[in-house]
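As a plain string of letters, each chain reads:
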Amino acid sequence: MPYFKRWSGDKRLHNSEQDYFDDVKAGALPQVTFIISAAFYSEHPPLNIVLGEKKMASVINALIQSPLWTSSAFLLTYDEGGGFFDHVAPPQFDVYGPGMRVPALVISPWAKRGYISGQLYEHNSILKFIERRFGLPSLASVNHHFDTSTPAFNNDAARGNAGPPAPPRDGLAQLGDFYEVFDFAQNPHYYPHLPS
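Okay, so let's go over this structure. None of these values were measured; they are calculated from a predicted model. Within any chain, residue numbers begin from 1 and follow the written order of that chain's sequence. Only residues with pLDDT of at least 70 are given local features in this predicted model, and only at 80 or more are side-chain atom pairs given and counted; all residues enter the totals for whole chains, interfaces and linings. To get the side-chain values, take all heavy atoms of the structure and skip hydrogens and water.

1. Things to note about the packing of aromatic side chains
Here is step 1 of the chain: Only the six-membered ring of Trp is used, alongside the rings of Phe and Tyr, when aromatic pairs are assigned; centres must lie within 6.5 Å, and planes under 30 degrees apart are stacked while those over 60 apart are edge-to-face, with the rest tilted. With the rule as written, the count across this model stands at 8 aromatic pairs.
Here is step 2 of the chain: Between Tyr20 and Phe21, the ring centres sit 5.3 Å apart and the planes meet at 70°, which makes this aromatic pair edge-to-face. Side by side, Tyr20 and Phe21 carry an identical accessibility label, which is buried.
Here is step 3 of the chain: Ring geometry for Tyr121 against Phe178: centres 4.4 Å apart, planes inclined by 5°, an arrangement best described as stacked. A residue pair is termed long-range when its members are at least 10 positions apart, and Tyr121 in the loop between β2 (104–107) and α3 (124–134) and Phe178 in the segment after α4 (139–143) qualify at 57 residues.
Here is step 4 of the chain: Take Phe178: its relative accessible area is 6%, and that puts it in the buried class.
Here is step 5 of the chain: An aromatic cluster of three or more residues is present, and its members are Trp110, Phe129, Tyr179, Phe182 and Phe184.
Here is step 6 of the chain: Lysine and arginine charges are scored as sitting over a ring when NZ or CZ, respectively, is within 6 Å of the ring centre and within 35 degrees of the ring normal. The ring of Tyr41 carries Lys55 above its face, with NZ or CZ at 4.6 Å from the centroid.
Here is step 7 of the chain: Note that Lys112 overlies the ring of Tyr115, its terminal NZ or CZ placed 4.7 Å from the centroid. We call a residue buried when its accessible area falls under 20% of the maximum for its residue type, exposed when it is over 50%, and partly exposed in between, using a 1.4 Å probe and counting protein chains only. Put simply, DSSP H or I for four residues or longer makes a helix, DSSP E for two residues or longer makes a strand, and each gets a number counted from the N terminus.

Structure (structure tokens):
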């Protein structure tokens, strides 16, 4: 979003890592927060994966130790699967298809313990989750109205084209919204014993 003219000056998109730690400790995070790690911690080859894992562990542990934990869900995902060939072809439900599989974790005191979902998700599933949680219309459709004043190599409208030939995916029934991984009847104060 910082690359779009409409959002480039928005102060909400330009916070430091320390801002996150201060806000989470004070219980003052916005209801929806996106964290994008610095490239050094991105775990892209040939970078050290352990550095990225340690960085995310510090972010997650800060949330767990905060007053926000029992009302939180942390969705951890990647933009790709490390560049290696995926032996499972993605389903084709629009002209693009969802692409290769990527890891995704739901970290929450309300996430079903030991659960591995067989539901199909993709990056728009995060939008579906936000839409369902807050009773919002399609967030993707807002972005589907193309902004011709934002020149960029991948902005179809700026190049005089009509935009992608497929509508937003967050309305597709076959894509999950992560709600199926939650159990709101379980004890949110459960902390498993982990080896040191």
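Following the structure, the description resumes.
2. Looking at the nonpolar core
Here is step 1 of the chain: Here the nonpolar core consists of buried residues drawn from Ala, Val, Leu, Ile, Met, Phe, Trp, Tyr and Cys, with membership extended through side-chain atoms lying within 4.5 Å. Within the largest apolar cluster, 13 residues are counted, with the highest numbers of intra-cluster contacts made by Tyr20, Val24, Val59, Leu63, Phe74 and Ile107.
Here is step 2 of the chain: Going through the elements one at a time, α1 (17–26), α2 (49–64) and β1 (74–77) are the ones with two or more residues in this core.
Here is step 3 of the chain: Among the elements that make up this core, the one with the highest residue count is α2 (5 residues).
Here is step 4 of the chain: Throughout, a contact is declared for two residues whenever any of their heavy atoms are within 4.5 Å. Filtering out sequence-adjacent residues up to four positions away, Val24 remains in contact with Leu29, Ala62, Leu63, Ser66, Pro67 and Leu68.

3. Brief notes about α3
Here is step 1 of the chain: Looking at α3, one finds that the buried residues are Asn124, Ser125, Ile126, Lys128, Phe129, Ile130 and Glu131.
Here is step 2 of the chain: In the segment just after α3, Gly135 is the residue with positive phi, at about 60°.

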